[in-house]
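So you can see what is in the structure, the chains are spelled out below.
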Amino acid sequence: MDKTPKDSAIEFLRLVTSNRIDEAYERFVAKDFRHHNPWFRGDAASLKAGMLDNAAKNPEKVFEVKNAIAEGERVAVHSHVRMKPGDRGMAVVHIFRFENGRIAELWDLGQPIPEENANDNGMF
């Protein structure tokens, strides 16, 4: 059975956060991939270089999917990302647009988890 876009998005993120970035790009990223992270140029090579740098600085990164929603070729993955075990980390949402089974476009948004949270429901 072929992977759904939702399965592929989650697997891409698991590979990236476990320092298997080259494999993630080879398996899932489209040739004309573009992204919208404001800290890097909008091409695949620039984002990949940033991911490699982050992985080198944070080899014990922890990634936990909290929610994943798919509608056709679009997928949103809400996750808890910690740069190392024990960190409070961030709530992160990645939004993917797939074409022909590969990631054609990516958006990501993050919010640090504060020490004190006024919301009894928490961030997850």
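Numbering of residues starts from 1 in each chain and follows the order in which that chain's sequence is written. A pLDDT threshold of at least 70 governs which residues receive local features in this predicted model, and a stricter bar of 80 or more applies before side-chain atom pairs are shown or counted, although totals over entire chains, interfaces and linings include all residues. With hydrogens and water stripped out, all remaining heavy atoms of the structure feed into the side-chain values.

### Quick look at the overall build of the protein
Then comes step 1: From N to C terminus, the protein includes three helices and five strands.
Then comes step 2: For 124 residues, the compact-globule estimate of 2.2 N^0.38 gives 14 Å, and the protein sits close to it at 14 Å.
Then comes step 3: In terms of overall dimensions, the protein has a C-alpha envelope of 45 × 30 × 30 Å along the principal axes.
Then comes step 4: Taking all 124 residues of the protein together, the buried fraction comes to 37%. Numbering goes from the N terminus for both helices and strands, where a helix is a DSSP run of H or I of at least four residues and a strand is a run of E of at least two. Based on C-alpha atoms, the radius of gyration is set beside the globule rule, defined as 2.2 Å times the residue count to the power 0.38. Between buried and exposed lies partly exposed: a residue is buried under 20% and exposed over 50% of the maximum accessible area for its type, with that area taken using a 1.4 Å probe on protein chains only.

### Comments concerning the nonpolar core
Then comes step 1: Side-chain atoms within 4.5 Å are what join buried Ala, Val, Leu, Ile, Met, Phe, Trp, Tyr and Cys residues into a set we call a nonpolar core. Judged by nonpolar contacts, the single largest core of 26 residues is most densely connected at Phe12, Tyr25, Phe33, Met51, Val77, Phe96 and Ile103.
Then comes step 2: Where this core is concerned, the elements lending two or more residues are α1 (5-17), α2 (21-28), β1 (29-35), α3 (44-57), β2 (62-71), β3 (74-82), β4 (90-99) and β5 (102-112).
Then comes step 3: Counting residues per element, this core draws most heavily on α1, at six residues.
Then comes step 4: The residues touching Met51, leaving out its near neighbours within four places in the chain, are Phe12, Val16, Ile21 and Tyr25. Contacts: residue pairs with any heavy atoms within 4.5 Å of one another.

### Some points on the packing of aromatic side chains
Then comes step 1: Stacked, tilted and edge-to-face are the three classes applied to pairs of Phe, Tyr and Trp rings, where Trp contributes its six-membered ring and a pair requires centres within 6.5 Å; stacked means planes under 30 degrees apart, edge-to-face means over 60, and tilted covers the rest. Taken as a whole and assessed by the stated rule, the structure comprises four aromatic pairs.
Then comes step 2: Relative to Phe96, the ring of Phe12 lies with its centre 6.1 Å away and its plane at 85 degrees, an arrangement referred to as edge-to-face. On the criterion of sequence distance, the pair formed by Phe12 in helix α1 and Phe96 in strand β4 is long-range, its members being 84 residues apart.
Then comes step 3: Measuring from ring centre to ring centre gives 6.3 Å for Tyr25 and Phe33, while their planes differ by 65 degrees; the resulting arrangement is edge-to-face.

### Overview of the sheet that holds β5
Then comes step 1: For two strands to pair, DSSP has to find at least two bridges joining them. Spatial ordering of the open sheet is given by β1-β5-β4-β3-β2, a layout of five strands whose pairing is mixed. Either end of the sheet is taken by a strand with one partner, and the two such strands are β1 and β2. Each neighbouring strand pair of the sheet contributes to a mean axis angle of 25 degrees, computed without reference to strand direction.
Then comes step 2: Relative to β4, β3 runs antiparallel, the two sharing eight bridges. If you follow Ser79 over to β4, its bridge partner there is Val92.
Then comes step 3: What counts as an axis is a line fitted to C-alpha atoms, over the stretch in contact for a helix, and the angles between N-to-C directions run from 0 to 180 degrees. Set on the sheet, α1 makes contact with β1, β2, β3, β4 and β5; between it and β2 the angle comes to about 160 degrees.

### Focus: the packing of α2 against α3
Then comes step 1: Where α2 contacts α3, the axes come no closer than 10 Å and their chain directions differ by 150 degrees. When the axis of α2 is compared with that of α3, the two are roughly antiparallel. Note on packing geometry: the crossing formed by α2 with α3 is right-handed. Every residue of α3 that contacts α2 at Ile21, Asp22 and Tyr25 is listed here: Ala44, Leu47, Lys48, Met51, Leu52 and Ala55. The scheme is simple: roughly parallel for angles under 35 degrees, roughly antiparallel for over 145, roughly perpendicular for 65 to 115, oblique for anything else. It is the rotation of the near helix from the far one that decides the hand of a crossing: anticlockwise by less than a right angle makes it left-handed, clockwise makes it right-handed.

### Some remarks on the layout of surface pockets
Then comes step 1: In this structure, the largest pocket occupies an estimated 630 Å³ of space.
Then comes step 2: The dominant element in the lining of the largest pocket, judged by the number of residues it contributes, is α3, at five residues.
Then comes step 3: Classes in brief: Ala, Val, Leu, Ile, Met, Phe, Trp, Tyr, Cys and Pro nonpolar; Asp, Glu, Lys and Arg charged; the others, Gly included, polar. Here the residues of the lining of the largest pocket sort into 16 nonpolar, six polar and two charged. In the cavity and pocket records, a cavity denotes points on a 1 Å grid over the protein atoms alone where a 1.4 Å probe fits but cannot get out, a pocket denotes an open set with protein on both sides within 12 Å along at least 5 of 7 lines, and lining residues are residues with an atom within 4 Å of a point. Grid points are joined across faces, edges and corners, and a volume is the space filled by probe spheres set on the points.

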